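Take a look at the letters that make up each chain.
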Amino acid sequence: MTVPQNSPNSSPGLRSQLEHNRAKEMEELVIPTILLIIQQIKDTDEGKRSLGVRYEDPKMLYSILNLDKLSLEKGLREDVKAAEKLLATVKSILDNSVNTWHPGFMDKLYASTNPIGVLSDIVLSVLNTNSHVFTVSPALTVIERKVAQKYAALFGFTGENAGGLTFSGGSWSNITSLHMARSLLFPETKLEGNTHKFAIYTSVHSHYSVEKAAILLGLGANSVFKIPVDKRGRMLVSELEKTIQETKNKGYTPLYVNATAGTTVFGSFDPFEDIAPVAKKYGLWFHIDGSWGGNAIFSAKKAGLLAGSHLADSITSNPHKMLGVPTTCSFLLVPNDRVFTQANSLSAPYLFHNAQDDNENFDLANGTMGCGRRADALKFYLGWLYYGTNGYSERVDHAYTIAEYFTEKASQTAGFTVVSDTPLQCLQVCFYYSPDNQKLTGAERTHVTRHIATQLHGSGQFLVDYAPNPDDSANNEDNGEFFRVVFNSPIVSSDVVDQLIDKIVEVGKTVPKLN
Ligand SMILES: *Cc1c(COP(=O)(O)O)cnc(C)c1O
């Protein structure tokens, strides 16, 4: 290392060593990467680029990515071929990743992003700011407040102070909602911890983040009471009320009920309009976990599934799942956004009518348990601005049409048994496939499902998921694992659905016998 001759302030020497020409470096590194990405998207659209390789053993990638010989001593930038070598590294990462831009990507609940998504992530990286306080993120702060207000209004939160904040995923939005419930309904807990034996209620099909929230907040997983569901996977409200009474008799203090909009496995929507009065009767915080299905609110046909959402105390909704906004982007929406500071700020522990609490808060981290935060709301703002409510409606409606087309076609094809409730509540379809249309045991069904899913992935054409039936664990029954295929993307057409069904039938012929 050379020692700068002048003081760092006056020396162009030190500066030039680290940042000789940032604009030029940007051009040399970023432009070729963008061109490479554009080419890959083109290749994907022309059917020349697959979904990616399936790796049997993750350790294979250590050598494929040259990680077993990784040396970080001397920076690549000192090499005359730095730009070229960097591009080769990026290419290798892209080649060894899942190509979510491929129409056969139907795994999990998210889909690929899109050009506006990429653009918004670039802007965030360029700004590289922190949306914890207004001073360092003026534009991003007011954008977050405004877009949250617009989003909240869709769910019927239309009051003057309606709004929301982003959290780093649906799980964190849910966890924060439970924490806010406790802080607002039992303010003394901010100073004294869990002052009561609290009980929380959620359906057996709900997401595990509810249980994790109870663990994290010191309530313990045993304070989560799982309410049974009806045949359509919706919480039984009579059972909810019965359980509330039982737990009260056992000395619990009812605190919170979580209802789900789009359960993770089946995509069911709990009956919010019926849950709301029960929550009110017992003084519970009423949260809706719409991490997955919340954005059905954009669908003209399906928004009715969210009837009663305006009665909730908080709603989680993730633009990163159904809307193609880059991961992560999750909102926690509320009818009155002053609750964020009331529950989370240290300055006003429990004097809720403190004048400070009534002010509009522009230092957003004051309303969270965290400090530094990425301004994820910008990605949703630019996406919504670009596509419009009409564009997002079209996107979600298209996805429902495709999912329904699959369901229809699978029901008419020998060997397929659709287990999802129809008409579909959400965009995933759960089904079994039996190659010779035989009656299979649970273990045989799991074997067939896993074999076919693995082969589809290996073909580079389709990536689909599978799951055990969440009812099995409750009933001690083994019906076997079924496919769970998500039709969430605007690039999936009926042709892709036809190919998927044909491919399942074709690969089904190769399933080895289970001994
Ligand atoms: C995905 C999901 C979550 C968790 O959201 P993340 O953003 O992955 O943390 C919570 N609830 C439901 C119903 C989900 O589908």
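Residues numbered from 1 in each chain as written. Predicted model: local features only at pLDDT ≥ 70, side-chain atom pairs only at ≥ 80, totals over all residues. Heavy atoms only, no water.

## Examining the packing of aromatic side chains
Line of reasoning, step 1. Applying the stated criterion to the full structure yields 24 aromatic pairs.
Line of reasoning, step 2. Ring geometry for Y151 versus W384: centroids 6.1 Å apart, planes at 70°, classification edge-to-face. Linking Y151 in helix α6 (residues 138-154) with W384 in helix α15 (residues 377-411), this pair joins segments that are 233 residues apart in sequence. Both residues of the pair, Y151 and W384, belong to the buried class. (Phe/Tyr/Trp six-rings, centres within 6.5 Å; stacked < 30°, edge-to-face > 60°. Helix = DSSP H or I, 4+ residues; strand = E, 2+ residues; numbered from the N terminus. Buried < 20%, exposed > 50% of the residue type's maximum accessible area, 1.4 Å probe, protein only.)

## Brief notes about the domain arrangement of the protein
Line of reasoning, step 1. Each assigned domain of the protein is listed here: domain 1 (22-98), domain 2 (133-385) and domain 3 (388-508).
Line of reasoning, step 2. Summarising the inter-unit geometry, the C-alpha centres of domain 1 and domain 3 are found 33 Å apart.
Line of reasoning, step 3. Each partner contributes to the interface: domain 1 provides six residues, whereas domain 3 provides seven residues.
Line of reasoning, step 4. Buried surface at the junction of domain 1 and domain 3, summed over both partners, amounts to about 520 Å²; 68% is from carbon and sulfur atoms.
Line of reasoning, step 5. Interface area lost by domain 1 to domain 3 is led by L51, R54 and V98, which between them contribute 79%.
Line of reasoning, step 6. For the pair domain 1 and domain 3, the number of links is zero salt bridges. (Domains from an automatic or database assignment. Contact = heavy atoms within 4.5 Å. Buried area = accessible area lost by both parts, 1.4 Å probe. Salt bridge = Lys/Arg side-chain N within 4 Å of Asp/Glu carboxyl O.)

## Side note on the UniProt feature "modified residue: N6-(pyridoxal phosphate)lysine" (unreviewed entry) in the protein
Line of reasoning, step 1. The feature "modified residue: N6-(pyridoxal phosphate)lysine" (unreviewed entry), as annotated in UniProt, sits at K321 in this numbering.
Line of reasoning, step 2. Along the chain, the position of K321 falls in helix α12 (residues 319-322).
Line of reasoning, step 3. Not counting residues within four places of it along the chain, the set of residues in contact with K321 comprises L109, Y110, A111, S291, W292 and N488. (UniProt positions renumbered as here; feature names shortened; annotations may be inferred.)

## Notes on the side chain of T446
Line of reasoning, step 1. Summarising the element assignment, T446 is placed in helix α16 (residues 442-458).
Line of reasoning, step 2. In this structure T446 comes out as buried when scored by relative accessible area, which is 15%.
Line of reasoning, step 3. Setting aside anything within four residues of it in sequence, one finds T446 in contact with G480 and E481.

## Concerning the packing of helix α5 (residues 115-127) against α15
Line of reasoning, step 1. Packing of α5 against α15 brings their axes to within 9 Å, and their N-to-C directions diverge by 140°. Between α5 and α15 lies a crossing whose hand is right-handed. Residues I116, L119, S120, D121, V123 and L124 of α5 lie in contact with α15, whose contacting residues are L378, K379, L382, G383, Y386 and Y387.
Line of reasoning, step 2. Looking at the contact of α5 with α15, its residues break down into eight nonpolar, two polar and two charged. (Axes fitted to C-alpha atoms, helices over the stretch in contact; angles between N-to-C directions. Left-handed = near helix turned anticlockwise from the far one by under 90°. Nonpolar A, V, L, I, M, F, W, Y, C, P; charged D, E, K, R; others polar.)

## What about the pattern of salt bridges?
Line of reasoning, step 1. Per the stated rule, a full pass over the model turns up 24 salt bridges.
Line of reasoning, step 2. Here K48 ties to E46 by a salt bridge, and the two come within 2.9 Å at their closest N and O atoms.
Line of reasoning, step 3. Taking the relative accessible area as the measure of exposure, K48 reaches 59% and is therefore exposed.
Line of reasoning, step 4. What makes E46 partly exposed here is its relative accessible area of 47%.
Line of reasoning, step 5. For E239, the salt bridge identified is with K242, shortest N-O distance 3.6 Å. Of this pair, E239 and K242 both sit in helix α10 (residues 237-249), three residues apart, roughly one helical turn.
Line of reasoning, step 6. For E239, a relative accessible area of 23% gives the class partly exposed.

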